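Descriptive analysis of the structure
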Amino acid sequence: MEIKNADYVISSARVDQCPKDTKPEYAFIGRSNVGKSSLINMLTRRKKLAKTSSMPGKTVLINHFIIDKAWYLVDLPGYGFAKRSKKEIGKLEQMIRSYILQREQLVNVFVLIDIRHEAQKIDLEFINWLGVSSVPFALVFTKADKLSQSKAAQMVEAYKRVLAETWEELPPLFVSSAETQQGREEVLDYIDSINKSLTNK
């Protein structure tokens, strides 16, 4: 699949403020500073569609982008928030959870993982929460260009071993780099396959 148009639609503080639309939505989320905005910009080939920042935790709203007038890409705030008060963190967590659990149009959550780090407790807890909540998701390992190919493969295998301790069936896994465009085609083809399966229902 090739994206021709990607446009910003709205930023919402609550799930009831999201677009009144039935088009499928694909949400992207991960720990602060995982490279989410860079990945979104790489997938859409729009350099400034999602605002990148050297300051982690910049996204504080639910951001909707319409893709080819057919589906929405949703940029969610990161978890493991940087430099925020407990009250702010609680508010953001509530917003994220209510969107993920209540938004009927949501068909898949892409959980972003920094490939350079071993499995982190906060990521595993979020992944397990998605599983318990019966929310379909896939994992996207980011920043693959920062490691050699063999080291990146080792890190993914190590992560899979950790997941296998609690999961009978592993979720779809993608390895990506915003710098080299690695993983772009695979992620977009995965979205395309879900969209096609929805229209065939």
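Residues numbered from 1 in each chain as written. Predicted model: local features only at pLDDT ≥ 70, side-chain atom pairs only at ≥ 80, totals over all residues. Heavy atoms only, no water.

1. Regarding the overall build of the protein chain
Put simply, the rule is: For helices the rule is a DSSP run of H or I covering at least 4 residues; for strands it is a run of E covering at least 2, with both sets numbered from the N terminus onward. Each radius of gyration reported is based on C-alpha atoms, and the globular scaling rule is 2.2 Å times the count of residues to the power 0.38. Here the term buried applies to any residue with accessible area under 20% of the maximum for its type, exposed to any over 50%, and partly exposed to those in between, with areas from a 1.4 Å probe on protein chains only. Any pair of residues with heavy atoms lying within 4.5 Å of one another is described as a contacting pair. Calculation of accessible area relied on Shrake-Rupley with a 1.4 Å probe; when residues are assessed, cover is drawn exclusively from the protein chains displayed. For the charge count, each Lys or Arg is scored as positive and each Asp or Glu as negative, with His and the chain ends excluded. The atom standing in for a charge is NZ when the residue is Lys, CZ when it is Arg, CG when it is Asp and CD when it is Glu.
Across its full length, the protein chain carries five helices and seven strands. Ordering the α and β elements of the protein chain from the N terminus gives β-β-α-β-β-α-β-α-β-α-β-α. The C-alpha atoms of the protein chain give 16 Å as radius of gyration, which agrees with the globular expectation for 201 residues (17 Å, within 12%). Seen along its three principal axes, the alpha-carbon backbone of the protein chain occupies a region of about 45 × 40 × 35 Å. Taken across its 201 residues, the protein chain has 47% of its residues classed as buried. In the protein chain, the proportion of contacts linking residues at least 24 apart, taken out of those at least 6 apart, comes to 76%. Looking at the protein chain as shown, the accessible area adds up to about 10800 Å², and 50% of this sits on carbon and sulfur atoms. Here the protein chain contributes 30 positively and 24 negatively charged side chains, and the mean placements of these two sets differ by 7 Å.

2. Focus: the sheet that holds strand E3 (residues 62–67)
Put simply, the rule reads: Should DSSP find at least two bridges between two strands, the strands are taken to pair. Lines fitted to C-alpha atoms define the axes, with helix axes restricted to the stretch in contact, and inter-axis angles between N-to-C directions lie between 0 and 180 degrees.
In spatial order, the strands read E1-E3-E4-E2-E5-E6-E7; together these seven strands make up an open sheet with mixed pairing. Unpaired on one side and paired on the other, strand E1 (6–12) and strand E7 (173–175) mark the two borders of the sheet. Going from strand to strand, the sheet's axes swing by 25 degrees on average, the running direction of each strand aside. Of the pairings in the sheet, the one linking E3 to strand E4 (residues 71–75) comprises five bridges and is antiparallel in character. By the bridge assignment for E4, Ile67 is matched with Trp71. Packed onto the sheet, helix H1 (residues 36–44) meets E1, strand E2 (25–30), E3, E4, strand E5 (106–114) and strand E6 (137–142) and runs at close to 145 degrees relative to E2.

3. Overview of the pairing of E2
The buried fraction of E2 is high, at six of six residues. Side chains Glu25, Ala27 and Ile29 project from E2 onto one buried face, and the interleaved Tyr26, Phe28 and Gly30 project onto a second face that is buried too.

4. What about the environment of Glu118?
Its place among the elements puts Glu118 in the loop between E5 and helix H3 (121–132). As a C-alpha pair, Glu118 and Tyr159 span 41 residues in sequence and 7.0 Å in three-dimensional space.

5. Brief notes about H1
Burial within H1 is extensive, with eight of its nine residues counted as buried. Buried within H1 are the following residues: Lys36, Ser37, Leu39, Ile40, Asn41, Met42, Leu43 and Thr44. Arg45 occupies a position one or two residues after H1 and carries a positive phi of about 55 degrees.

6. Observations regarding the environment of Gln17
On the secondary structure map, Gln17 appears in the loop between E1 and E2. Taking the C-alpha atoms as reference points, Gln17 and Ile62, 45 residues apart in sequence, are found 9.3 Å from one another.

7. Quick word on unusual backbone geometry
Phi at Asp68 takes a positive value of approximately 50 degrees, unusual for a residue other than glycine. For Asp68, the position within the fold is in the loop between E3 and E4. Accessibility expressed as a relative area gives 26% for Asp68, which makes it partly exposed. You will see that Lys143, though not glycine, has its phi angle at about 65 degrees, which is positive. When you line up the elements, Lys143 lands in the loop between E6 and helix H4 (149–164).

8. Some thoughts on the packing of H3 against H4
In plain terms, the rule: Convention used here: angles under 35 degrees read as roughly parallel, angles over 145 as roughly antiparallel, angles from 65 to 115 as roughly perpendicular, and any remaining angle as oblique. Two helices crossing with the near one rotated counterclockwise from the far one by less than a right angle form a left-handed crossing, whereas a clockwise rotation gives a right-handed crossing. Note on residue categories: nonpolar means Ala, Val, Leu, Ile, Met, Phe, Trp, Tyr, Cys or Pro, charged means Asp, Glu, Lys or Arg, and polar means any other residue, Gly included.
With their axes 12 Å apart at the nearest point, H3 and H4 run at an angle of 50 degrees to one another. For the element pair H3 / H4, the angle class is oblique. In this structure, H3 crosses over H4, and the sense of that crossing is right-handed. Between H3 and H4, the residues in contact are Asp123, Leu124 and Ile127 and Tyr159, Val162 and Leu163, respectively. Its residues assigned to classes, the contact of H3 with H4 comprises five nonpolar, no polar and one charged.

So, to be careful, I would describe these as geometric facts and stop short of saying anything about function.
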